Amino acid sequence: QVQVVESGGGLVQAGGSLRLSCVASGTIFTINVMGWYRQAPGKQRELVTAVNSDGSTNYADSVKGRFTASRDNAKNTVYLQMNSLKPEDTAVYYCNADVRGSWYSSINRYWGQGTQVTVSS
């Protein structure tokens, strides 16, 4: 009932920038937290950033000062601006959205399929 779709990944040289987008659609009453995780080859999935509905954010130490997340609640969209990219940023980036489908329902977390970000050295 809820679809989460990421876009914007690709291949970029070290020092370059990419902007990821994530759109949630379907049966949505409200969305609480939206966020980004990533998983690199041979590594555990890690939190990149979480964005609350009021726009407040937190970031993993590895991306602080380089990545900026923002939300457009009217569009059910979260963005991730990635600057000064490093080869170690190479990963599949996954978006999540914590969705309430109606005023009486619980909040469920939905995940996108991921978008590949590859940073060459």
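For the structure itself, consult the block above.
Small disclaimer: the values here were computed from a predicted structure and weren't measured.

## Looking at the overall build of the protein
The helix and strand inventory of the protein stands at zero helices and 11 strands. Traced from its N-terminal end to its C-terminal end, the protein shows the element sequence β-β-β-β-β-β-β-β-β-β-β. Scaling as 2.2 N^0.38, a compact globule of 121 residues should have a C-alpha radius of gyration of about 14 Å, and the protein matches this with 14 Å. Counting only C-alpha atoms, the protein reaches 50 × 25 × 25 Å along its principal axes. Here the protein holds 121 residues, and the buried ones make up 40% of them. Put simply, of all contacts in the protein between residues at least 6 apart along the chain, 56% involve residues at least 24 apart. With the model as given, the accessible surface of the protein reaches about 6,500 Å², and the carbon-plus-sulfur share is 46%.

## Details of the state of the cysteines
The full count for this structure, using the stated rule, is one disulfide. In this model, Cys22 is linked to Cys95 through a disulfide, with the two sulfur atoms separated by 2.0 Å. Sign of the S-S torsion, about -85 degrees for the bond between Cys22 and Cys95, identifies this disulfide as left-handed. Taken as a pair, Cys22 in strand β3 (residues 18-26) and Cys95 in strand β9 (residues 91-100) lie far apart in primary sequence, 73 residues in all. Assigned by exposure class, Cys22 and Cys95 land together as buried.

## Examining the sheet that holds strand β8 (residues 77-82)
Strands sit in the order β1-β3-β8-β7 across an open sheet of four strands; the sheet is antiparallel. Of all strands in the sheet, those with a lone pairing partner are β1 (2-7) and β7 (67-72), marking the two edges. Here the strands of the sheet are splayed against their neighbours by 15 degrees on average, with no regard to which way each runs. Strand direction decides the pairing type here: β3 and β8, joined by six bridges, are antiparallel. Paired with Leu20 across the two strands is Leu80, which belongs to β8.

## Points about the pattern of salt bridges
The tally for this structure, following the rule as stated, stands at five salt bridges. Between Asp61 and Lys64 there is a salt bridge, and its shortest N-O distance comes to 3.0 Å. Classification of Lys64 as partly exposed rests on a relative accessible area of 49%. Residue Asp98 is joined to Arg109 by a salt bridge in which the shortest nitrogen-to-oxygen separation is 2.7 Å. Residue Asp98 is found in strand β9, and its partner Arg109 is found in strand β10 (residues 107-111); the two are separated by 11 residues along the sequence. When its relative accessible area of 13% is taken as the criterion, Asp98 is described as buried.

Analysis parameters
- Residues numbered from 1 in each chain as written.
- Predicted model: local features only at pLDDT ≥ 70, side-chain atom pairs only at ≥ 80, totals over all residues.
- Heavy atoms only, no water.
- Helix = DSSP H or I, 4+ residues; strand = E, 2+ residues; numbered from the N terminus.
- Rg over C-alpha atoms; globule rule 2.2 N^0.38 Å.
- Buried < 20%, exposed > 50% of the residue type's maximum accessible area, 1.4 Å probe, protein only.
- Contact = heavy atoms within 4.5 Å.
- Areas by Shrake-Rupley, 256 points an atom, 1.4 Å probe, with all protein chains shown as cover.
- Disulfide = S-S within 2.5 Å.
- Pairing = 2+ DSSP bridges.
- Axes fitted to C-alpha atoms, helices over the stretch in contact; angles between N-to-C directions.
- Salt bridge = Lys/Arg side-chain N within 4 Å of Asp/Glu carboxyl O.

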